[in-house]
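# What the coordinates show
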Amino acid sequence: MFTLTNERQHLLDAAYCFSFDEPIEDDTIRYEQLHMFLNVFPEKIQAAIQAQTLFKQKDLMQQFQAWCEHIISTIGVEMDASYEKREATIQKFSDTGRRIFSQSLHDAEILLAEQQGTNFVMLLDTSGGFTVETIVKLTFQQAEFEGKLDPYYVYDEIIETDNCFALRILSSTGYPYVQSTIYFNDVDAEYYYRPSVYVEPH
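Scope of this entry: the structure provided in the associated data block. As the structure is a computational prediction, the values presented were derived from the model and not from experiment. (Residues numbered from 1 in each chain as written. Predicted model: local features only at pLDDT ≥ 70, side-chain atom pairs only at ≥ 80, totals over all residues. Heavy atoms only, no water.)

Going through the model one piece at a time under the given rule, you end up with 5 salt bridges. A salt bridge links arginine 8 to glutamate 78; the nearest nitrogen and oxygen atoms lie 1.9 Å apart. Linking arginine 8 in helix 1 (residues 6-16) with glutamate 78 in helix 4 (residues 58-89), this pair joins segments that are 70 residues apart in sequence. Note that aspartate 95 and arginine 98 form a salt bridge whose closest N and O atoms lie 2.6 Å from each other. Highlighted residues: aspartate 95 and arginine 98, both in helix 5 (residues 95-101), separated by 3 residues, approximately one helical turn. We classify aspartate 95 as exposed; its relative accessible area is 58%. Among the residues examined, arginine 98 registers a relative accessible area of 22% and is labelled partly exposed. (Salt bridge = Lys/Arg side-chain N within 4 Å of Asp/Glu carboxyl O. Helix = DSSP H or I, 4+ residues; strand = E, 2+ residues; numbered from the N terminus. Buried < 20%, exposed > 50% of the residue type's maximum accessible area, 1.4 Å probe, protein only.)

The next subject is the nonpolar core. The biggest cluster of nonpolar side chains holds 28 residues, and the ones touching the most others in it are Leu34, Phe41, Ile49, Leu54, Phe64 and Trp67. Of all the elements in the fold, those that place two or more residues in this core are helix 1, helix 2 (27-35), helix 3 (43-51) and helix 4. Among the elements that make up this core, the one with the highest residue count is helix 4 (8 residues). (Core = buried A, V, L, I, M, F, W, Y, C linked by side-chain atoms within 4.5 Å.)

Turning our attention to the sheet that holds strand 3 (residues 133-141). Spatially, 4-7-6-5-1-2-3-8 is the arrangement adopted by the 8 strands of the open sheet, whose pairing is antiparallel. This sheet does not close on itself; its edge strands, each paired only once, are strand 4 (144-147) and strand 8 (186-193). Pairwise comparison of adjacent strand axes, ignoring direction, gives a mean angle of 20° for this sheet. The pairing of strand 1 (residues 108-116) with strand 2 (residues 119-125) spans 7 bridges and is antiparallel. From the neighbouring strand, glutamine 115 faces strand 2, where its bridge partner is phenylalanine 120. Lying over the sheet, helix 4 contacts strand 5 (152-160) and strand 6 (165-172), oriented at roughly 70° with respect to strand 5. (Pairing = 2+ DSSP bridges. Axes fitted to C-alpha atoms, helices over the stretch in contact; angles between N-to-C directions. Contact = heavy atoms within 4.5 Å.)

Structurally, glutamine 65 is set in helix 4. According to the relative accessible area criterion, glutamine 65 is partly exposed, its value standing at 29%. Taking the C-alpha atoms as reference points, glutamine 65 and phenylalanine 2, 63 residues apart in sequence, are found 27 Å from one another.

With respect to the element layout, aspartate 150 can be found in the loop between strand 4 and strand 5. As for aspartate 150 and serine 172, which are separated by 22 residues in sequence, their C-alpha atoms are 4.8 Å apart. Residues within four places of aspartate 150 in sequence aside, it is in contact with Ile110, Ser171, Ser172, Thr173 and Val178.

Running from N to C, helix 1 and helix 4 cross one another at 135°; their axes reach a closest spacing of 9 Å. Our classification of the angle between helix 1 and helix 4 gives oblique. By crossing handedness, the relation of helix 1 to helix 4 is classed as left-handed. Residue-level contacts link Arg8, Gln9, Leu11, Leu12, Ala14, Ala15 and Tyr16 of helix 1 to Trp67, Cys68, Ile71, Ile72, Ile75, Gly76, Glu78 and Met79 of helix 4. Per-class residue counts for the contact of helix 1 with helix 4 are 11 nonpolar, 2 polar and 2 charged. (Parallel < 35°, antiparallel > 145°, perpendicular 65-115°, else oblique. Left-handed = near helix turned anticlockwise from the far one by under 90°. Nonpolar A, V, L, I, M, F, W, Y, C, P; charged D, E, K, R; others polar.)

What follows is the structure, encoded as C-alpha cells:
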C-alpha cells in the first residue's frame, strides 16, 4: 500500500549515511554515524563496525558499498515512483490543498494536530522549511488519524485508496522517526506569508 514506512526510510538513510567517494579523515566520527544504523546492516558489517575494523578491510568495504547501492537502487527507485503517483493524486484535491502539497512540507514544525469532529486539523510553521508560506493550516475532511506525531514533519507519501486518500507522515525530534497516517476525503488549506521587508527610502 505505502512505499514509505519507518523501516524502509531507516534502511535508505543507512544506505546514504556513508560517502564512499570521500577520504576517511576521522574514523571515530564515521563509526559514530554508522552506529546509528547498526541493526539494519548485514551481520559481518555490524561486527566490523563494532570492532572498528571496517575501514581496514577492503573486501568488506566493497561488500558494504554493494549493499548500500542495492538499497538505494531498489527503495530509492520505488520512492521516486511513489512521488510520480503523488503528483497525479494531488490533482484531485481542492485548489488550496493541491497548492500546498505541490510543495515540500519537510522540516515544518507541527504546532497543532487534532481531531475536530469529522475533520483532522494540522497547523504547521513552515518558516524553516521549503514553502513560500510561513503558516499553513490543513483541514482533512471526513478524516481518521492513526499513529502519533512528533514535533517536526519530515517525510510524507500520498496515495489514493478505493474509497479515500491517505497521507503517510514520518515525523521526528531527531531519530528514529514516528509514523502516522491520515485517511481523508479531501483537504483544504489556509496559509499566511512571510511579511515583506520594508526598506526606508533615502
